[in-house]
Amino acid sequence: MLNVERIRADFPILTEISYMDSAATSLSPEQVLNATNEFERHYRSNVGRGVHRLTNIASQRYWHAHEKVARFIGGEKGTTVLTKNTTEAINTVANGVRWNKGDSVITTVLEHHSNYLPWIDLQKRGVDVSILKTYPDCSLNLEDLQNSINEKTKIVAITHASNVLGNIVPVKEIAAICHDHSAKLLVDGAQSVPHMPVDVNDMGCDYLCFSGHKMLGPTGTGILWMKEADIEPLLLGGGMVGEVGMNNFTFAEGYEKYEAGTPNISGMIGLGRAVEYIENIGMEAIKGCEEKLTKMLLDGLRDIEGVTIYGPQDNYNRIGVVSFNVDGLHPHEVAHILDEGAGIMVRSGKHCCQPLMKHLGLKNGTVRASLYLYNTEKEVELFVDTMKELVRRL
Ligand SMILES: Cc1ncc(COP(=O)(O)O)c(C=O)c1O
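Thoughts on the packing of helix α11 (residues 331–342) against helix α13 (residues 377–392)
Between α11 and α13, the shortest axis-to-axis distance is 10 Å and the interhelical angle comes to 115°. Crossing of α11 against α13: the hand is right-handed. Of the residues in α13, those touching α11 at V334, I337, L338 and A342 are L382, F383, T386, M387 and L390. Residues of the contact of α11 with α13, tallied by class, amount to eight nonpolar, one polar and no charged.

Overview of the sheet that holds strand β12 (residues 321–326)
Taking strand neighbours across the sheet as the criterion, the four strands line up as β11-β12-β15-β14 in an open arrangement whose pairing is antiparallel. Two strands close off the open sheet at either side, each with one partner strand: β11 (307–310) and β14 (347–349). Along the sheet, successive strands turn relative to each other by an average axial angle of 30°, direction set aside. As paired elements, β11 and β12 share four bridges and run antiparallel to each other. From the neighbouring strand, V307 faces β12, where its bridge partner is V326. Sitting on the sheet, helix α10 (residues 283–302) touches β11, β12 and β15 (366–370), and the angle it makes with β12 is about 15°.

Focus: α13
Given 3.6 residues per helical turn, the α-helix brings residues three or four places apart onto the same face. Over its 16 residues, α13 runs 22 Å from end to end, which matches the ideal 22 Å to within 8%, given 1.5 Å per residue. When we look at burial in α13, the residues that qualify are E379, V380, F383, V384, T386, M387, L390 and V391. Each buried residue of α13 lies within a common arc of 160° when the element is viewed along its axis, so the set occupies one face. In α13, those exposed residues whose orientation departs by more than 90 degrees from the buried face are K378 and R392.

What about the packing of aromatic side chains?
Applying the stated criterion across every chain, the model contains six aromatic pairs. A ring pair is formed by F11 and Y277, whose centres lie 6.1 Å apart and whose planes are at 85°; its orientation type is edge-to-face. One end of the pair, F11, is in the loop between α1 (4–8) and β1 (18–19); the other, Y277, is in helix α9 (residues 265–281), with 266 residues separating them in the sequence. F11 gets classed as buried once you look at its relative accessible area, which sits at 3%. A relative accessible area of 6% places Y277 in the buried class. Seen in terms of ring centroids, F39 and Y43 are 5.4 Å apart; in terms of plane orientation they differ by 85°. Their pairing is edge-to-face. With F39 and Y43 both in helix α2 (residues 30–43) and four residues apart, this pair spans about one turn of that helix. A residue is classified by how much of its surface remains accessible, and F39, at 4% relative accessible area, is buried. Y43 gets classed as buried once you look at its relative accessible area, which sits at 3%.

Describing the sheet that holds strand β2 (residues 79–83)
As summarised here, the arrangement of the seven strands in space is β2-β8-β7-β6-β5-β3-β4, forming an open sheet in which the pairing is mixed. On the outer flanks of this sheet lie β2 and β4 (128–132), each paired with one strand and no other. Across the sheet, the mean angle separating the axes of adjacent strands is 15° when strand polarity is ignored. Sheet topology note: the strand β3 (residues 104–108)/strand β5 (residues 153–159) ladder contains three bridges and is parallel. What sits directly across from V105, in β5, is I155. Helix α7 (residues 171–180) contacts β5 and β6 (184–188) of the sheet and is inclined by roughly 155° relative to β6.

Some details on the domain arrangement of the protein
According to the domain assignment, the protein consists of domain 1 (4–20 + 282–392) and domain 2 (31–280). Distance from the C-alpha centre of domain 1 to the C-alpha centre of domain 2: 27 Å. Contacts between domain 1 and domain 2 engage 32 residues on the former and 33 residues on the latter. Area buried by domain 1 at its contact with domain 2 is led by M283, I319 and Y372, which between them contribute 24% of it. Linking domain 1 with domain 2 are zero salt bridges, by the criterion used here. No other element matches the six residues that helix α12 (residues 354–360) contributes to the side of domain 1 that touches domain 2. Counted by class, the side of domain 1 that touches domain 2 contains 19 nonpolar, seven polar and six charged residues.

Considering a nonpolar patch on the surface
A grouping of L236, V244 and F249 is seen on the molecular surface, where their side chains present a nonpolar patch of about 300 Å² in accessible area. You can see F249 is positioned in strand β10 (residues 249–251). We classify F249 as partly exposed; its relative accessible area is 40%.

Points about the site of the ligand
Residues in contact with the ligand amount to 14 residues; listed here are only the nearest, T87, D188, Q191, H213 and K214. Taking D188, its side chain carries an N or O atom lying 2.5 Å from a nitrogen atom of the ligand. Within the side chain of K214, a nitrogen or oxygen atom sits 2.6 Å from an oxygen atom of the ligand. Residues that form the shell around the ligand fall into these classes: two nonpolar, 10 polar and two charged.

Digging into helix α3 (residues 53–72)
The end-to-end C-alpha distance of α3, which contains 20 residues, comes to 29 Å, matching closely the 28 Å that a straight helix rising 1.5 Å per residue would cover. Residues of α3 that are buried include every one of T55, A58, Y62, A65, H66, K68, V69, A70 and F72, and no others. Buried residues belonging to α3 abut α2, β2, β7 (207–211), β8 (222–226), α9 and α10. Positive phi appears at G74, one or two residues downstream of α3, with a value of about 65°.

Calculation notes
- Residues numbered from 1 in each chain as written.
- Predicted model: local features only at pLDDT ≥ 70, side-chain atom pairs only at ≥ 80, totals over all residues.
- Heavy atoms only, no water.
- Axes fitted to C-alpha atoms, helices over the stretch in contact; angles between N-to-C directions.
- Helix = DSSP H or I, 4+ residues; strand = E, 2+ residues; numbered from the N terminus.
- Left-handed = near helix turned anticlockwise from the far one by under 90°.
- Contact = heavy atoms within 4.5 Å.
- Nonpolar A, V, L, I, M, F, W, Y, C, P; charged D, E, K, R; others polar.
- Pairing = 2+ DSSP bridges.
- Expected span 1.5 Å × (residues − 1).
- Buried < 20%, exposed > 50% of the residue type's maximum accessible area, 1.4 Å probe, protein only.
- Arc of directions from axis to C-beta.
- Phe/Tyr/Trp six-rings, centres within 6.5 Å; stacked < 30°, edge-to-face > 60°.
- Domains from an automatic or database assignment.
- Buried area = accessible area lost by both parts, 1.4 Å probe.
- Salt bridge = Lys/Arg side-chain N within 4 Å of Asp/Glu carboxyl O.
- Patch = residues over 30% accessible without salt bridge, like charges linked within 9 Å, V, L, I, M, F, W, Y side chains within 5 Å.
- Areas by Shrake-Rupley, 256 points an atom, 1.4 Å probe, with all protein chains shown as cover.
- Near = heavy atom within 4 Å.
- Polar contact = N/O pair within 3.5 Å; in protein donor to acceptor, adjacent residues only side chain to side chain.

Next comes the structure, spelled out in structure tokens:
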């Protein structure tokens, strides 16, 4: 059981608001803010450059952040690259693979634009792109995957959990299908890694991309984990080279090859602290608490006439992301009313998932409430009561 009141005391923003937009970006606790502040105030300097005392501390802590993140996902044996966000991580892979005309990529209609645009754009380079559809209950049709995958398929890029519908995708089964065909599996873990135990070995993925800012870390932090560092780097420049001659150069080993230029040092040190904070609480406990709140939220919304919930209707195999609409209201109107009437922050619109919105026939998108470890039963009750009142007044 989480001691949510104690957890909430760590989050300075949580005084008068209910924050239900963690799928967009989460909040950061004092411990993370202190870690970034400490860097700025006491040992700010660049990393991997020079030998003075401040750069030694900064470099060591920056390097340590990689280790903490790698351990968190069971990825010590792979390469953990710190990026700006999930988007940069996915683009690094999409642009780093050596593509040949006629190669193919498979992605799905469930994807966030960040795991969609980089792949469909490869069509310009002669790469074939297949888009898997979902069943009416929004689960993926794995038979479609079996039918689409072949020896030309280089990458299958799939979200682990939908940022609109909340459903969890069976990535383990998908990994087995990919590897039967020598294709690599890229998992977009932006919505899974912060909310459930994720282990790259168990999943069997080749690349895992996720965002530090969605798991209590600072904004501008993300992660690309690679089983094998087998792609070209996105950027060239300082910090990522071995030897440089007049007309040639060699790459540095490990993550450094993929981190050209001065990185977001304070952000990454903060991310390392965020990982420790989450580990101290425990991913199973976080998942359990979110499941309970999600059930309350779904049960409450289901009882309100004129409310339509999208995605899985029960608490099974899903994360705490709930999308819905109210008959006769634009999603932005609902979001405004929740904020102005009750101080509840939710996301509204298309959630960077326009192909999915088209697939679902939702012109204006949805209202999306997303939960995290700092949300309480009282907040969910307030949410449901406010929604009931909103519908009663229509
Ligand atoms: C499933 C999913 N993938 C990718 C992203 C992109 O994350 P970022 O904006 O951190 O790059 C998001 C953000 O909401 C997401 O939910």
